[in-house]
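Overview (structure and organization)
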Amino acid sequence: MLANDPFSFLEDHLASRDWVAAQNQRCIEQIDFDPRCAPMQQEILSFSQSTQQIPYFAEHAGWLYHFYQSPQSPRGAYRRTTLHSYQSENTEWTVVFDLDALAQQEEVDWHLAGISHCILQPNLCLISLNVAGSDASVCREFDLEIGRFVPNGFQFPFGKNQIHWRDANSVLVCPAWDESQLTHAGYSCEVCLQLRGQAWEEAISLAVIPESALKALAWRFLDGDTAVLDVIEVALSFYKKVYYCITPDLSLQQITLPLRCDVFAYSHGDLIVKIAMNWTWQGVQYPSGALLAIQCEASSGQLGRVQVLLVPTAQQTIQGLDATFNCLAVNVLDCVKSQIHTFIWASGEEGGAWQVCANPLPTTGAIEFVDQPWRSDVLYYNYSDFLQPAGLYRYELQSGKAPELLRQQVAAFDSSDFTYQQYFANANDGTQIPYFVVHRQGLVLDGQTPTLLYGYGGFQLSLLPYYVDNLGPQWLSKGGAFVVANIRGGGEFGPAWHQAAQGRNRQLSFDDFIAIAEDLIARGITSPRRLGIQGGSHGGLLVGACLTQRPEIFNAVVCEVPLLDMLRYTELHAGASWVDEYGDPNQAEDYAALAAYSPYQHIKSATEQRYPKVLFTTNSQDDRVHPAHARKMVAKMQALGHEVLFYENEKGGHRGGVGAQEMASDLARALTFLYQQLMDERVLPCRCYS
């Protein structure tokens, strides 16, 4: 605990309960009582619960499985149908697991954390359940054919466990329900193999890693019908990983991959790997960011020949990959727009190789892979852009057929009067920083457009041009503009783009965001009076830093589930796992870099500095980013005389609302706040606290 922090009591949930209740009530009075808030909340809720929304699914053994929430089933139900029925006008669904019924029966506030089918026997699945949206969950085996939990089946206690099917009668378990099983970062330090019928005490321990490492993971790759590869990933830190092959006799052999890489798939005897550092293998150097197919012996993990699949340009990055039965589909971002590159396996005398094959998929928006059914070359994907509602497509690689549109999201608003452009701002070091602006056509460049600037810029995550389903009717149609910032620290242009703002260079990311804000003002799109910023989680740190560094160029800040006390973040919840991203405050040079921007330490009194009005939001059940970050920031700002608002949800965890009602309430509250600050002509001056 840092000395002389009068608000440290807010790190304790029980001690802060009355303070949180008072802050929530004050926020409700100022925002929720605004006559625009409740109708907007209902509109958002109605749209999210429309039966015309796309029911996304996972296909297993001919069944399409979908998790469905509705006013009648707010927690949700797992249901299934056939492809033929899904393609018809009146899809017939059968419920196979009812979460509302389970919660009522067991009198527990259960919410779904995930469902994992056994690929080779998909009626068996592992259902993970959390309480109120936390990251930690319990896990139980369920049989979809008999509609109940398997008697004496696999089940695991509450924790941040990682459990993967090995086959129908065994699972790879990384336990995290007991303190003795955890690393210092709070994740599992062990990998075990448990066979059906075994008591946990009889499970086989395969690996135990040092507590100083981040975590251990384990899973099985199925290579068609020919081979299996069991892998353990030891994350030494967030980005540095060592991989091991579990041999048939359950011993471990290291797979000699580079320390910074991601393993996407195992297909036709090749590991498909994206490297994030230059790597030399067998006398050949491969550049950072490249996608490689590396021959790997399944029983030993021994590596052989390497085939270069893709070397991205400076404006490209590998966003994701799916391996079908005979093909690879690679999602490449090219100047922040999706392009799908496809490869097919061609057998040959020397063992075969991957060959490029053409595909007709679009290249101007955002593509997400939805599902890839086992033992097929079918790919389900989602396509949208800022103004094009999402469409769910079925594409059979190498069929020669065009992708089939299965479902189209209902349009949230008439987008014919709107447009979007990609611009570039000049960073302080001369780098061109891309950003998108969505607005009404014929925008008058008089600086009077209420503009919401959204950013993240961390952990290699990319912000894409997704459809503005709620912002369209609730922000754009009311005269606002929406801006997405693709700043360094994110993953939009590959490993170098992320690493440029990593660790002690974090300030670079904040400077990029500020440069975009200044560019918007210089172009006449908006002005400080009409400009607001929003970010969540790491994005909350981003907007918190910009709040303290350049308060004069913004008039509203929405800071959601944020990190803000960067001198103490490693001591709060999962913070210790992010040292790779931010640096270690226990190291002198890292401490100096963190102290230079940590928002909590840089708030000045109201007599020295006026800040734009801020809405801070967090969640009591967030076991990833501690709600104390937001609580302490608010308490300190109020003590120093500033007007800020705060709202803490009781459930939802770090990811937000566990149901449609909570999501609608949170979004309506944030947008009403932005109306008040950026659209209303008469904005009350900030009141100060004595």
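Preceding this section is the structure that the text describes.
These lines cover the structure that appears in this document, whether it is placed above or below. (Residues numbered from 1 in each chain as written. Predicted model: local features only at pLDDT ≥ 70, side-chain atom pairs only at ≥ 80, totals over all residues. Heavy atoms only, no water.)

The next subject is the overall build of the chain. On a plain count of helices and strands, the chain comes out with twelve helices and 39 strands. Computed over its C-alpha atoms, the radius of gyration of the chain comes to 25 Å, within 12% of the 26 Å expected for a compact globule of 690 residues. Along the longest, intermediate and shortest principal axes, the C-alpha atoms of the chain span 75 × 60 × 55 Å. The burial tally for the chain puts 58% of its 690 residues in the buried class. In the chain, once contacts between residues fewer than 6 apart in sequence are set aside, the share between residues at least 24 apart is 58%. (Helix = DSSP H or I, 4+ residues; strand = E, 2+ residues; numbered from the N terminus. Rg over C-alpha atoms; globule rule 2.2 N^0.38 Å. Buried < 20%, exposed > 50% of the residue type's maximum accessible area, 1.4 Å probe, protein only. Contact = heavy atoms within 4.5 Å.)

Our next topic: the sheet that holds strand β24 (residues 316-323). Strands sit in the order β24-β25-β26-β27 across an open sheet of four strands; the sheet is antiparallel. Of all the strands in the sheet, just β24 and β27 (353-357) have a single pairing partner and so form its edges. Looking at each pair of strands side by side, their axes are set apart by 30° on average, direction ignored. One ladder, built from five bridges, connects strand β26 (residues 338-346) with β27; its direction is antiparallel. Across the sheet, residue Ala346 finds its bridge partner in β27, namely Ala353. (Pairing = 2+ DSSP bridges. Axes fitted to C-alpha atoms, helices over the stretch in contact; angles between N-to-C directions.)

Time to look at the pattern of salt bridges. Throughout the structure, instances matching the rule amount to 30 salt bridges. Across the pair Asp230 and Arg220 runs a salt bridge whose closest N-O atoms are separated by 2.6 Å. A residue pair is termed long-range when its members are at least 10 positions apart, and Asp230 in strand β15 (residues 227-235) and Arg220 in strand β14 (residues 215-223) qualify at ten residues. Each member of the pair, Asp230 together with Arg220, is buried. Arg669 is the salt-bridge partner of Asp666, the closest N and O atoms lying 3.5 Å from each other. (Salt bridge = Lys/Arg side-chain N within 4 Å of Asp/Glu carboxyl O.)

The next thing to look at is helix α8 (residues 538-549). For α8, spanning twelve residues, the distance from its first C-alpha to its last is 17 Å, which sits close to the expected 16 Å at 1.5 Å a residue. For α8, a buried count of eleven out of twelve residues is recorded, marking the element as mostly surrounded by other parts of the structure. When we look at burial in α8, the residues that qualify are His538, Gly539, Gly540, Leu541, Leu542, Val543, Gly544, Ala545, Cys546, Leu547 and Thr548. (Expected span 1.5 Å × (residues − 1).)

Running from N to C, helix α2 (residues 37-48) and helix α12 (residues 660-679) cross one another at 140°; their axes reach a closest spacing of 8 Å. Classed by the angle they form, the pair α2 and α12 counts as oblique. For α2 against α12, the interelement crossing comes out right-handed. Where α2 abuts α12, its residues Cys37, Met40, Gln41, Ile44, Leu45 and Ser48 lie against Ala660, Gln661, Met663, Ala664, Ser665, Leu667, Ala668, Arg669, Leu671, Thr672 and Tyr675. Here the contact of α2 with α12 is built from residues that sort into eleven nonpolar, five polar and one charged. (Parallel < 35°, antiparallel > 145°, perpendicular 65-115°, else oblique. Left-handed = near helix turned anticlockwise from the far one by under 90°. Nonpolar A, V, L, I, M, F, W, Y, C, P; charged D, E, K, R; others polar.)

Backbone-to-backbone hydrogen bonds pair the strands of a sheet. The strands run either parallel or antiparallel. Pairing is antiparallel in the open sheet, where four strands are placed in the order β14-β15-β16-β17. Every other strand in the sheet has two partners, leaving β14 and β17 (252-255) as the edge strands with one partner each. Averaged over all neighbouring strand pairs, the angle between strand axes comes to 30°, with direction disregarded. Sheet topology note: the strand β16 (residues 241-246)/β17 ladder contains four bridges and is antiparallel. Note that in β17 the partner of Ile246 across the bridge is Leu252.

Now for the side chain of Asn619. Mapped onto the elements, Asn619 comes out in strand β38 (residues 613-619). What makes Asn619 buried here is its relative accessible area of 2%. There is a polar contact of 2.8 Å between the side chain of Asn619 and the backbone nitrogen of Gln621. In this view, Asn619 contacts Val561, Pro627, Glu648, Asn649, Glu650, Lys651, Gly652 and Gly653; residues no more than four positions away in its chain are not counted. (Polar contact = N/O pair within 3.5 Å; in protein donor to acceptor, adjacent residues only side chain to side chain.)

This part is about the side chain of Ser605. With respect to the element layout, Ser605 can be found in the loop between α10 (588-597) and β38. When near neighbours in sequence (up to four residues on either side) are disregarded, Ser605 contacts Leu640 and His642.

Taken across its six residues, strand β12 (residues 190-195) has five buried, putting it largely inside the fold. One ladder, built from four bridges, connects strand β11 (residues 170-174) with β12; its direction is antiparallel. Each bridged residue has a counterpart across the sheet, and for Val171 the counterpart in β12 is Gln194. As paired strands, β12 and strand β13 (residues 204-208) are joined by four bridges and run antiparallel to one another. Among the inter-strand pairings, Glu190 is bridged to a residue of β13, identified as Val208.

The next subject is the environment of Leu271. Note that Leu271 resides in strand β19 (residues 270-275). It is 25 Å that separates the C-alpha atoms of Leu271 and Ser205, two residues lying 66 residues apart in sequence. The contacts of Leu271, once residues within four sequence positions are left out, are Phe221, Leu229, Ile255, Leu257, Val263, Ala265, Tyr266, Leu292, Ala293, Ile294, Cys296 and Leu303.

This part covers the state of the cysteines. By definition, a disulfide links the sulfur atoms of two cysteines through a covalent bond. Under the defined criterion, the tally for this structure stands at zero disulfides. This cysteine, Cys125, is not joined by any disulfide, and Cys139 carries the nearest cysteine sulfur, 9.3 Å off. Counting only cysteine sulfurs, Cys296 is the nearest neighbor of Cys245, a cysteine outside any disulfide, at a range of 6.5 Å. (Disulfide = S-S within 2.5 Å.)

What follows concerns the nonpolar core. With 106 residues, the main nonpolar core has Leu453, Trp475, Ile516, Tyr582 and Phe616 as its most contacted residues. Ranked by the residues each element gives to this core, the list is headed by α12, at nine residues. (Core = buried A, V, L, I, M, F, W, Y, C linked by side-chain atoms within 4.5 Å.)

Before going further, it helps to spend a moment on the packing of aromatic side chains. The tally for this structure, following the rule as stated, stands at 32 aromatic pairs. Summarising the aromatic geometry, the rings of Trp345 and Trp354 are spaced 5.0 Å apart at their centres and angled 70° between planes, so their arrangement reads as edge-to-face. Of the two residues, Trp345 and Trp354, both sit in the buried class. Note on Phe413 and Phe418: the rings are 5.5 Å apart at their centroids and 70° apart in plane angle, and the pair reads as edge-to-face. Each member of the pair, Phe413 as well as Phe418, carries the same accessibility label: buried. Three or more aromatic residues link up through ring pairs in this structure, and these residues are Phe238, Tyr239, Phe459, Tyr569, Trp578 and Tyr582. The residue whose ring lies beneath Lys215 is Tyr187, and the NZ or CZ to ring-centre distance is 5.1 Å. Over the ring of Tyr600 we find Lys636, and its NZ or CZ is 4.8 Å from the ring centre. (Phe/Tyr/Trp six-rings, centres within 6.5 Å; stacked < 30°, edge-to-face > 60°. Lys NZ or Arg CZ within 6 Å of the ring centre and 35° of its normal.)

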